[in-house]
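# Architecture and fold: a report
Chain residues, written in single-letter form:
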Amino acid sequence: METWFTILGWTLSIAAAAGNGSIIFLVCKKRRLLTKTNAFIISLAVADLGVGACVFPSEFFSEIVKTSHNSSSNCNNIRLLIRWLFSYASVTSLCSLILDRYVAIVKPLNYLNFMSRGRVIQMIFVSWAIPVGFDITSILLPAPVKCNFVNIFGMFWESFSCCFLIFCFSSMILVVYKHDRSSAILAKQLRFNHRGLTVSSQDRSAVTMMAIVIVVFLVCYGIYLRCSIVALFHNLKCNDTDYKIPMLVLNSAINPWAYAFFKRDIKKEMIKKLICRKTKKKLQNQ
C-alpha cells in the first residue's frame, strides 16, 4: 500500500468519522433538531460514519495480513461485506433525504400528508434493509454466480440512484427558478412586498446543500459505476482501489460540512455551540 494512499485514506476516514459523529451527537442531543428531515440526515450520517470508520481501516488491515484482493473466491469476505453495507446504506439514505426535500419543495401542499411519521420510519427502514439484504444474498449465493450478482446489482443500483438524484435535483432547481422569476415580475408590476410568493432562504439553502451532496456523490460513485460496467461486460478486474476507496470516503467526509453550512437549524445550533465555547474560554481567562 502506497504511503500517500495510507495518509490520504486515514485523513479522510478520521474526518468522515469525526464530522458525521458530531452531526449525530448534535441532532440527537437537541430536541428541537429531531425533525423528519433530520431523521433522514441521521440515517445518512450513521451510514457515512460507518464508511469513515470501517471502509479504509478494513482495507488497510487486510493489506497488513496480506488478504487477497478482488478475487472471485473472496467476494463474501468481511472487508467487502462491510464496504457494501455502509456504502449502499449511504446511497439509499441519501435517496430518502433527497426524496424528502423533493416533496417539500416541489409539492409542498402534499408534504405533511405524504411524509408522515410512519412513512419516515418506513423509508429509513428500507434504506437499511436494502444493503443488509444485499449482503445476506451475496453470502448465500453459490460462488459461480456471486460475483455476477454483485456486479449486476451494483450497476443497476448505482445507475438508478444517479438518475433519481439528477431528476429530483433538476425538478427542485426548476421550481426555485420559476418562483424567483414569478416573484420578480410581480414585484416590478405591483411594487409590493410579496413575501408569500418568494421562495424562502430555507428552500434556497436546502437546494444548495443538495447540490453539494449530489455533485460529490455523482463524482465519487461514477467511478464505482464504471467499475461495475467493466467487470460485468468485459470480464476484467477493476484494479483502481487507490481511487475508489478515497473517493468513497471523501463523499462521506464532505456530507456533514454541507449540513453544517447550509442546513439552517443545524448551522444555528453549531454557531451557538461555538459562541458558548468562546464565551467560556474568555470567562476562564479573566
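Residues numbered from 1 in each chain as written. Predicted model: local features only at pLDDT ≥ 70, side-chain atom pairs only at ≥ 80, totals over all residues. Heavy atoms only, no water.

### Here we look at helix α5 (residues 117-140)
What counts, and what does not: Strands are runs of DSSP state E lasting at least two residues, helices are runs of H or I lasting at least four, and both sets are numbered from the N terminus onward. Helix span, expected: 1.5 Å multiplied by one less than the number of residues in the helix. Each residue gets one of three labels from its accessible area relative to the maximum for its type: buried under 20%, exposed over 50%, partly exposed in between, using a 1.4 Å probe on protein chains only.
The end-to-end C-alpha distance of α5 is 34 Å, a good match for the 34 Å that 24 residues give at a rise of 1.5 Å each. What α5 keeps buried is the set V120, M123, S127, P131, F134, D135 and S138.

### A closer look at a nonpolar patch on the surface
Convention followed: Each patch is built from residues lacking any salt bridge and having more than 30% relative accessible area; the joining distance is 9 Å for like charges and 5 Å for nonpolar side chains (Val, Leu, Ile, Met, Phe, Trp, Tyr). Residue exposure ignores everything except the shown protein chains as possible cover, and the areas themselves are Shrake-Rupley values with a 1.4 Å probe. The salt bridge definition used is simple: a Lys or Arg side-chain nitrogen within 4 Å of an Asp or Glu carboxyl oxygen.
Among the surface-exposed residues, V132, I136, I139 and L140 lie close enough to one another that they form a single nonpolar patch of about 370 Å² accessible area. Considering the arrangement of structural elements, one finds L140 in helix α5. When its relative accessible area of 68% is taken as the criterion, L140 is described as exposed.

### Overview of the environment of N38
The test is simple: Two residues form a contact once any of their heavy atoms are found within 4.5 Å. Within 3.5 Å is the distance limit for a polar contact, defined as a pair of N or O atoms, with the added protein rule that one can donate a hydrogen and the other accept it, and that residues adjacent in sequence qualify only through two side-chain atoms.
Position of N38 among the secondary structure elements: in helix α2 (residues 36-64). Along the primary structure N38 and V27 are separated by 11 residues, whereas in three dimensions their C-alpha atoms are 7.4 Å apart. Apart from residues no more than four positions distant in its own chain, N38 is found in contact with V27, L33, K263, D265 and I266. Within polar-contact distance, the side chain of N38 engages the backbone oxygen of L33 at 2.6 Å.

### Comments concerning the confidence of the model for the protein
Selection criterion: Here pLDDT means the predictor's own confidence in every residue, given as a number from 0 to 100.
Of all residues in the protein, 80% have pLDDT values of 70 or greater, and the mean over the chain is 80. Least confident of the elements in the protein is helix α7 (residues 201-233), whose mean pLDDT is 73; most confident is α5, at 92. Below pLDDT 50 for its whole length, residues 196-201 participates in 10 contacts with residues either more than four positions away or in separate chains.

### What about the packing of helix α3 (residues 78-106) against α5?
Helix-helix packing is characterised by the crossing angle of the two axes and by the distance between the axes. Spelled out, the test is: Each axis is a line fitted through C-alpha atoms, and for a helix only the stretch in contact is used; angles between axes span 0 to 180 degrees, taken between their N-to-C directions. Here is the rule for angles: anything less than 35 degrees is roughly parallel, anything more than 145 is roughly antiparallel, 65 through 115 is roughly perpendicular, and the remaining ranges are oblique. Left-handed describes a crossing in which the near helix is turned anticlockwise from the far one by less than a right angle; the clockwise case is right-handed. Polarity classes work like this: nonpolar for Ala, Val, Leu, Ile, Met, Phe, Trp, Tyr, Cys and Pro, charged for Asp, Glu, Lys and Arg, and polar for all others, with Gly in that last group.
Where α3 contacts α5, the two axes come as close as 8 Å, and the packing angle between them is 155°. As summarised for this structure, α3 and α5 are arranged roughly antiparallel, according to the angle between their axes. The handedness of the crossing between α3 and α5 is right-handed. Within the contact between the two elements, α3 uses L81, W84, L85, F86, Y88, A89, T92, S93, S96 and L99 and α5 uses M123, S127, W128, I130, P131, V132, F134, D135, S138 and I139. Partitioning the contact of α3 with α5 into residue classes produces 14 nonpolar, five polar and one charged.

### Focus: the packing of aromatic side chains
What counts, and what does not: Two aromatic rings, drawn from Phe, Tyr or Trp (for Trp, its six-membered ring), form a pair once their centres lie within 6.5 Å of each other, and the interplanar angle then sorts them: stacked below 30 degrees, edge-to-face above 60, tilted otherwise.
Inspection of the entire model under this criterion finds 14 aromatic pairs. With a centroid separation of 4.5 Å and an interplanar angle of 25°, the aromatic rings of F134 and F153 are classed as stacked. One end of the pair, F134, is in helix α5; the other, F153, is in helix α6 (residues 143-190), with 19 residues separating them in the sequence. Summarising the burial analysis for this pair, F134 and F153 share the class buried. Ring pairs connect the aromatic residues W84, Y88, F134, F149, F153, F156, W157, F160 and F164, which therefore count as one cluster.

### Description of the pattern of salt bridges
Any two side chains of opposite charge can pair, given that their charged atoms come close. A complete count under the given rule lists four salt bridges for this structure. We note a salt bridge from R79 to E59, for which the minimum N-O separation is 3.2 Å. Of the two residues, R79 sits in helix α3 while E59 sits in helix α2, which places them 20 residues apart along the sequence. Side by side, R79 and E59 carry an identical accessibility label, which is buried. The partner of E59 in a salt bridge is R83, with the nearest N and O atoms 2.7 Å apart. With a gap of 24 residues between them, E59 in helix α2 and R83 in helix α3 connect regions that are remote in the sequence.

### Examining the UniProt feature "transmembrane region" (unreviewed entry) in the protein
Counted only if it meets this: UniProt positions are given in the numbering used here, feature names are shortened, and annotations may be inferred rather than shown by experiment.
Per the UniProt record, "transmembrane region" (unreviewed entry) is annotated on residues 6-27, 39-61, 81-99, 120-143, 155-177, 205-225 and 245-262. The span residues 120-143 shows a helical share of 92% and a strand share of 0%, and its end C-alpha atoms are spaced 37 Å apart. Across residues 245-262, the secondary structure splits into 100% helix and 0% strand, with the terminal C-alpha atoms separated by 26 Å.

### Describing the packing of helix α1 (residues 3-29) against α2
Between α1 and α2, whose axes approach to 8 Å, the crossing angle comes to 155°. When the interaxial angle is binned, α1 and α2 end up roughly antiparallel. The interaxial crossing formed by α1 with α2 has left-handed handedness. By residue class, the composition of the contact of α1 with α2 is 17 nonpolar, seven polar and one charged.

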